[in-house]
Amino acid sequence: DTEVTQTPKHLVMGMTNKKSLKCEQHMGHRAMYWYKQKAKKPPELMFVYSYEKLSINESVPSRFSPECPNSSLLNLHLHALQPEDSALYLCASSQDLLGAETQYFGPGTRLLVL
Amino acid sequence: GDSVTQMEGPVTLSEEAFLTINCTYTATGYPSLFWYVQYPGEGLQLLLKATKADDKGSNKGFEATYRKETTSFHLEKGSVQVSDSAVYFCALSDRVNRDDKIIFGKGTRLHILP
């Protein structure tokens, strides 16, 4: 089973709202990732967690706040977003952070900020 | 730094045509190479991968061979179907540098006409 699940599938929020995206995997993977993908572009890395600790933050604005409550779950908390933050948010996981690992992606959450 | 270059799209073919999508890479270490596919409105799916030189990845009729001498990983399929219409991303993950990031190409949009 190589499934990564994400909820919700779609989200519409105002600039003053607080919302959260959720990602879950049950493959025993110890690395999890958040990506942002704009239309007709490849995914852009936002955050990497390894063994539930933040390993990489690609200079993401503080209005995006990741959280890894346990090895299977990854959240992305959203607050005071801007319309330009509208995008597809993808979660991924891999066995470990040893380099050259295969990343498995979820279906994504399509976010619209009004 | 590492990079991936793939042919620009869109590529339009008739059903049952032969498909080639070119991909070349530059890497300082010993990368693993991947093709991901993104169907309309969905997340990324791993299509195939190869972890060392001369390896051939294959899945769903698609094939790609890791060619170190030409630093290439071209995607091929002998007879495409309408259902293959999607965006295809070539990607690498570098092992020696223990780089935890996937480097994506810009993506190639494929349209298959019935």
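Note that the structure is a prediction, hence the values are computed from the model and not measured. (Residues numbered from 1 in each chain as written. Chains lettered and ligands numbered in written order. Predicted model: local features only at pLDDT ≥ 70, side-chain atom pairs only at ≥ 80, totals over all residues. Heavy atoms only, no water.)

Facing the 25 residues of chain A at the interface are 23 residues of chain B. Carbon and sulfur atoms supply 54% of the area buried between chain A and chain B, which totals about 1800 Å² over both sides. Our count for the chain A to chain B interface comes out at zero salt bridges. Our count for the contact surface shared by chain A and chain B stands at four residue pairs in polar contact (both at pLDDT 80 or more). (Contact = heavy atoms within 4.5 Å. Buried area = accessible area lost by both parts, 1.4 Å probe. Salt bridge = Lys/Arg side-chain N within 4 Å of Asp/Glu carboxyl O. Polar contact = N/O pair within 3.5 Å; in protein donor to acceptor, adjacent residues only side chain to side chain.)

The space that makes up the largest pocket amounts to roughly 330 Å³. Every residue lining the largest pocket is counted, 20 residues in all, and those nearest its centre are A:Lys40, B:Gln38, B:Gly41, B:Val87 and B:Arg109. Elements with a minimum of two residues in the lining of the largest pocket: β9 (87–94) of chain A together with β10 (86–93) and β12 (108–113) of chain B. When grouped by side-chain class, the residues that make up the lining of the largest pocket number nine nonpolar, five polar and six charged. When its volume is computed, the second largest pocket comes out at roughly 240 Å³. Around the second largest pocket, the lining residues are A:Lys40, A:Lys41, A:Pro42, B:Glu8, B:Gly9, B:Pro10, B:Val87, B:Lys106, B:Gly107, B:Thr108 and B:Arg109. (1 Å grid on protein atoms, 1.4 Å probe; cavity = no way out; pocket = protein on both sides within 12 Å on 5 of 7 lines; lining within 4 Å. Points joined across faces, edges and corners; volume = space filled by probe spheres on them. Helix = DSSP H or I, 4+ residues; strand = E, 2+ residues; numbered from the N terminus. Nonpolar A, V, L, I, M, F, W, Y, C, P; charged D, E, K, R; others polar.)

It is characteristic of soluble globular proteins that their nonpolar side chains tend to be buried jointly. Formed by 26 residues in total, the largest nonpolar core has its most connected members in B:Trp35, B:Leu47, B:Leu48, B:Phe73, B:Leu75 and B:Tyr88. Elements that contribute at least two residues to this core include exactly β2 (11–14), β3 (19–21), β4 (23–26), β5 (32–38), β6 (44–50), β8 (62–65), β10 and β12 of chain B. Element by element, the count of residues in this core is highest for β10(B), at four residues. By size, the runner-up hydrophobic cluster in this structure holds 24 residues, among which are A:Cys23, A:Met27, A:Cys68 and A:Leu78. (Core = buried A, V, L, I, M, F, W, Y, C linked by side-chain atoms within 4.5 Å. Buried < 20%, exposed > 50% of the residue type's maximum accessible area, 1.4 Å probe, protein only.)

So, on to the state of the cysteines. Evaluation of the coordinates by the stated rule reveals two disulfides over all chains. Paired through a disulfide, A:Cys23 and A:Cys91 show a sulfur-sulfur distance of 1.9 Å. Handedness of the A:Cys23-A:Cys91 disulfide follows from its S-S torsion of about -70 degrees: it is left-handed. In this pair, A:Cys23 sits in strand β3 (residues 18–25) while A:Cys91 sits in strand β9, placing the two residues 68 residues apart along the sequence. Each sulfur of the disulfide joining B:Cys23 and B:Cys90 lies 1.9 Å from the other. Given an S-S torsion of about -70 degrees, the disulfide between B:Cys23 and B:Cys90 has left-handed geometry. With B:Cys23 in strand β4 and B:Cys90 in strand β10, this pair connects stretches of sequence that are 67 residues apart. We classify B:Cys23 as buried; its relative accessible area is 1%. (Disulfide = S-S within 2.5 Å.)

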